[in-house]
Amino acid sequence: MAAAQKNLAKGPVARALASRWAKPAVFVLGLVPLGWMVWLGVSGGLGAEPVAEAVRQSGLWALRLLLVALAVTPLRILTGQAGLARFRRMIGLFAFFYALLHVSVYVGVDQFFDWAAVWKDIVKRPYITVGMGAFVILTALAATSTNGMVRRLGGRRWKALHKAVFLAGAAGCVHYVMLVKGWQYPPFVYAAILLGLVALRYTKSPAAGRLSPSYRT
């Protein structure tokens, strides 16, 4: 397995990941959901309640991209593709971008910046309370994601802070579970994926070796 991983690390996939075009390609891919939502909006594809659907879609993409960002390190170790780490920060920032869009559409379009109504929702509706908690965590992580903040905080404190990404992921999944009406399986699929990623990071694997929990998220 080690030999196979070594060969993969020098193969065409590794060269593609190291290419100067790789990051721009990932950036463009990160904008595809936004483009799709805009297209749905102008074409009437958001249904009878376009604002609610825009809030839902942006929230789902925030959660999806957060899980993708969390999957980078396990995939890097399992495949031996060290180049995957180049994209973790960008994917995480896209997750924050869609979370910001999610909150902005809710506050600005759904509630028309009625801060009293927004605060009332946060206090009285538990799923919004949990969702806002996840957003606050993601905001802190995005604000401290730069190399300059790593230096200011110090590596140990930065890593400790950024382990909160798992808390944000858990809060996002709980928010989704609480939001849906009746028994629907998709929120539990997202929660299961998160639990699987956490297990991978903290479990010894004969194929992957130790997945260090202290590795940058």
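The rules we used
Residues numbered from 1 in each chain as written. Predicted model: local features only at pLDDT ≥ 70, side-chain atom pairs only at ≥ 80, totals over all residues. Heavy atoms only, no water. Helix = DSSP H or I, 4+ residues; strand = E, 2+ residues; numbered from the N terminus. Buried < 20%, exposed > 50% of the residue type's maximum accessible area, 1.4 Å probe, protein only. Contact = heavy atoms within 4.5 Å. Areas by Shrake-Rupley, 256 points an atom, 1.4 Å probe, with all protein chains shown as cover. Core = buried A, V, L, I, M, F, W, Y, C linked by side-chain atoms within 4.5 Å. pLDDT = per-residue confidence, 0-100. UniProt positions renumbered as here; feature names shortened; annotations may be inferred. Salt bridge = Lys/Arg side-chain N within 4 Å of Asp/Glu carboxyl O. Axes fitted to C-alpha atoms, helices over the stretch in contact; angles between N-to-C directions. Parallel < 35°, antiparallel > 145°, perpendicular 65-115°, else oblique. Left-handed = near helix turned anticlockwise from the far one by under 90°. Nonpolar A, V, L, I, M, F, W, Y, C, P; charged D, E, K, R; others polar. Expected span 1.5 Å × (residues − 1). Bend = angle between axes of the 7 residues up to and from the residue.

Caption draft 1: Representation of the overall build of the protein within the structure. Each helix and strand counted, the protein has 11 helices and two strands in total. Of the regular secondary structure in the protein, the N- to C-terminal order runs α-α-α-α-α-α-α-α-α-α-α-β-β. Out of the 217 residues in the protein, the part that is buried amounts to 38%. Within the protein, counting contacts between residues at least 6 apart in sequence, those at least 24 apart form 68% of the total. Total accessible area computed for the protein in this model is approximately 12,500 Å², and 70% of it derives from carbon and sulfur atoms.

Caption draft 2: Region of interest: the nonpolar core. Core analysis: the largest hydrophobic core is formed by 48 residues, its most contacted members being Ile91, Tyr106 and Tyr190. The element best represented in this core is helix α4 (residues 50–79), accounting for 12 residues. Leave out the neighbours within four places in its chain, and Tyr190 touches Leu60, Leu63, Arg64, Leu67, Cys173 and Tyr176.

Caption draft 3: Geometry of the confidence of the model for the protein. Predicted confidence across the protein gives a mean pLDDT of 88, with 89% of residues reaching 70 or more. Contacts of residues 204–217 to residues separated by more than four positions or lying in other chains number 36 contacts, the stretch itself having pLDDT below 50.

Caption draft 4: A look at the UniProt feature "transmembrane region" (unreviewed entry) in the protein. In the numbering used here, UniProt assigns the feature "transmembrane region" (unreviewed entry) to residues 21–39, 59–78, 90–107, 127–148, 160–179 and 185–203. Summarising residues 59–78: 100% helix, 0% strand, and an end-to-end C-alpha distance of 29 Å. Secondary structure within residues 185–203 divides into 84% helix and 0% strand; the distance between the first and last C-alpha atoms comes to 26 Å.

Caption draft 5: Region of the structure containing the pattern of salt bridges. Using the criterion set out here, one finds two salt bridges in the structure. With its nearest N and O atoms 2.9 Å apart, the salt bridge here joins Glu53 to Arg56. You can see Glu53 and its partner Arg56 sitting in helix α4, three residues apart, about one turn around the helix. Residue classification places Arg56 among the partly exposed residues on the basis of a relative accessible area of 36%. A salt bridge links Asp121 to Arg125; its shortest N-O distance comes to 3.4 Å.

Caption draft 6: Molecular detail of the environment of Gln81. Mapping Gln81 onto the fold places it in the loop between α4 and α5 (88–110). Taking the C-alpha atoms as reference, Gln81 lies 8.0 Å from Val13; in sequence the two are 68 residues apart.

Caption draft 7: Molecular detail of the packing of α4 against α5. Look at α4 against α5: their axes get within 8 Å of each other, and the N-to-C directions meet at 160 degrees. By the angle class used here, α4 and α5 are roughly antiparallel. Classified by chirality, the crossing of α5 by α4 is left-handed. Its residues assigned to classes, the contact of α4 with α5 comprises 19 nonpolar, five polar and two charged.

Caption draft 8: Up close: helix α3 (residues 22–43). Compared with the 32 Å implied by 1.5 Å per residue over 22 residues, the 31 Å span of α3 between its first and last C-alpha is a close match. At Val32, α3 shows its largest bend, some 30 degrees, and a proline, Pro33, comes one to four positions later. For α3, the complete set of buried residues consists of Ala22, Val26, Gly30, Pro33, Met37 and Leu40. Just downstream of α3, Gly44 is the residue with a positive phi angle, here 80 degrees.

Caption draft 9: Up close: the packing of α3 against α5. Their axes nearest at 10 Å, the elements α3 and α5 cross at an angle of 20 degrees. Looking at the two axes, α3 sits roughly parallel to α5. Helix-helix and strand crossings are classified by hand; for α3 and α5 the assignment is right-handed. Contacts from Lys23, Val26, Phe27, Gly30, Leu31, Val32, Pro33, Leu34 and Met37 of α3 reach α5 at Met90, Ile91, Phe94, Phe97, Tyr98 and Leu101. Here the residues of the contact of α3 with α5 sort into 13 nonpolar, one polar and one charged.

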